[in-house]
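# Structural characterization, general
Here is what each chain is made of, one letter per residue.
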Amino acid sequence: MKKIMDLIVEELTPAFTGCGYDEKYVRVTRSNRPDLCEYQCNGAMMAAKAYGKKPIDIAREVVSLASGSPMFLSVEAVMPGFINLKISPECLAEYVENIAGEEKLGLTEPEKKETIIVDYGGANVAKPLHVGHLRSAVIGESIKRISRFMGHHVIGDVHLGDWGLQMGLIIEELRDRQPELPYFDESYEGKYPSEPPFTISELEDIYPAASAKSKKDEAFRERAQQATFRLQSGYPPFRAIWKHIMSVSLADLRKNYGKLNVTFDLWKGESDAQPYIPGLIADLREKGLAYESEGALVVDIAQETDSKEYPPCIVQKSDGAALYATSDLATIVEREKDFHPDRYIYVVDKRQELHFIQVFRVAKKAGLVREDTPMIFLGFGTMNGKDGGPFKTRDGGVMRLEYLIQSINEEVYKKIQEKQKVPDDELQRTAEMIGLAALKYGDLSNQATKDYVFDVDRFISFEGNTGPHIQYMIVRIKSILEKYYEQKGQETELVPIRPAQSDTEKALQLAICRFGETVETAFYETAPHRICQYMSETADAFNNFYQENKILSEPDEDKKAAYISLITLTKRVLDTCMDLLGMESPEHM
Ligand code: ARG
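Residues numbered from 1 in each chain as written. Predicted model: local features only at pLDDT ≥ 70, side-chain atom pairs only at ≥ 80, totals over all residues. Heavy atoms only, no water.

## Thoughts on the site of the ligand
- In the vicinity of the ligand, the contacting residues are Asp119, Gly122, Asn124, His133, His159, Tyr324, Asp328, Tyr346, Val348, Gln352 and Phe356.
- The contact in question runs from a nitrogen atom of the ligand to an N or O atom on the side chain of Asp119, over 2.9 Å.
- Interatomic distance of 2.8 Å between a side-chain N/O atom of Asn124 and a nitrogen atom of the ligand.
- Computed on the free molecule, the ligand has an accessible area of 350 Å², of which 86% lies beneath the protein chains in the complex. (Near = heavy atom within 4 Å. Polar contact = N/O pair within 3.5 Å; in protein donor to acceptor, adjacent residues only side chain to side chain. Areas by Shrake-Rupley, 256 points an atom, 1.4 Å probe, with all protein chains shown as cover.)

Have a look at this one:
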């Protein structure tokens, strides 16, 4: 479907050209003075200089030609040369009715369907998920959903940190705790047990203990490094332990991501990229890009146009070990082979920006990725506590994601229990849905790159710019619809959207028209906050409409039926937005 703004441009074009002005001046925007008009055209201001006329004179000429158009309720020239536009209610209603007839609610899918890799989540195996991983999961999930809704072929990859020193630390700590295990018997030749030698809670205890020990105990740290090296060289007993770590940890990660309503198409990790490293290094050498510097192998990435200095990207340490950048480059080689993506989006803490600049530049320079393939680094800011510092537990530790979610859900549970609107058997599930919307909206409503303050009390409020507020509006619509169909019978069909007869009705229709363009903007800007903003404005438009109009008690049945059509569509729009952000709305609240 064409965007309403484009239709306005089409309608105004003959008026401009008819007066002798170039059509490039026909630019339309949403009004920044909604009290005066709905859309505005500033073309006369732009044309004034080129034609040596006063803007207001041009505006008046154009208006005299455009004002007969059935598309507009009013077309006005105002000082110093704006053209203020109001859409005719009939035309608007027809447009909105067309939206209602479309599955994607007016969004036009781009002709070229892209294959897109969204790299997000990025959990480190065997280390508990902490709030730092929250943002990547929440933002990435939403970007995946938005991209998919646009019609693209999207692959979400969790890209686990599953190949680092933490593995050696766990292996050596396990040796200290259970030296009798066959993995540590160099002469053992039998099969290794299929049962893991630890549970998830033991594993969660092993890693922090080992990490703490390595900070005090030099010999232990060396053992861990050695073990990591042996694992990476394929030493069978350590590979066997590694597999156990992976399976126990992954089961737990799936569960935790599941609680966040976050799912991945691929559960790949750094380890999967390892087989591609030797070929990558050889390729970089052959192309004359990688050279030795102080024993290490590096690739220059500086460009003439840089305003600051970028250090070369180290792709191999002097001892031959691969680094984080090597692993990301090798992953690109793998992804190109498997999917040949048209776009890459990485959702990672913004403190890793330099790393990604280096990786992207090497990838392009070496021709691993086509020159015109967008490689987007969406670096997000920190989630802070109310004191302004990074979010911590009460005793100053790193907050586990699981506990954070649990504590929000408990708060919400108390609140909805007190309100007594939710049936007992729905309380738990409802608290989870509201808690998740509170958490996610609190995050996603900010521009991703910015830091934000985690404020439970504000996030879970049913009022203001919050996730629960929007859920509340959806629940309200659900309840109106439920009562309506109880009165009229479930089979009652929807009638067409009618021309708006009040400002609030019109404002709601205008909000609905903006759905498609909003999703498009959110996709091209990689910006879920656009959806939040839109969703909140649409929920407000509904609320104003609801406050001003009786719906169920409306005596005119035709009018009532048209209202029902409008709020049904409003609900579809809001539900879709919720889904794009990875949230759901409950039945009662
Ligand atoms: N595991 C990394 C971390 O915790 C994040 C991974 C991000 N993705 C990537 N392709 N490097 O810092």
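Continuing now.
## Here we look at the packing of helix 14 (residues 401-419) against helix 15 (residues 427-444)
- One way to put it is that helix 14 packs onto helix 15 with a least axis distance of 8 Å and a crossing angle of 120 degrees. What the angle tells us is that helix 14 and helix 15 run oblique. Considering the relative orientation of helix 14 and helix 15, their crossing is right-handed. Between helix 14 and helix 15, the residues in contact are Leu404, Ile405, Ile408, Asn409, Val412, Tyr413, Ile416 and Gln417 and Leu427, Gln428, Thr430, Ala431, Glu432, Ile434, Gly435, Leu436 and Leu439, respectively. (Axes fitted to C-alpha atoms, helices over the stretch in contact; angles between N-to-C directions. Helix = DSSP H or I, 4+ residues; strand = E, 2+ residues; numbered from the N terminus. Parallel < 35°, antiparallel > 145°, perpendicular 65-115°, else oblique. Left-handed = near helix turned anticlockwise from the far one by under 90°. Contact = heavy atoms within 4.5 Å.)

## A few points about the pattern of salt bridges
- According to the stated counting rule, one finds 49 salt bridges in the structure shown.
- When the shortest N-O distance is used, the salt bridge between Glu109 and Lys104 registers 2.7 Å.
- Judged by relative accessible area, Glu109 falls into the partly exposed class, the value being 32%.
- Relative accessible area serves as the criterion here: at 18%, Lys104 is assigned to the buried category.
- For Lys255, the salt bridge is made with Asp252, and the minimal N-O distance between the two is 3.7 Å. (Salt bridge = Lys/Arg side-chain N within 4 Å of Asp/Glu carboxyl O. Buried < 20%, exposed > 50% of the residue type's maximum accessible area, 1.4 Å probe, protein only.)

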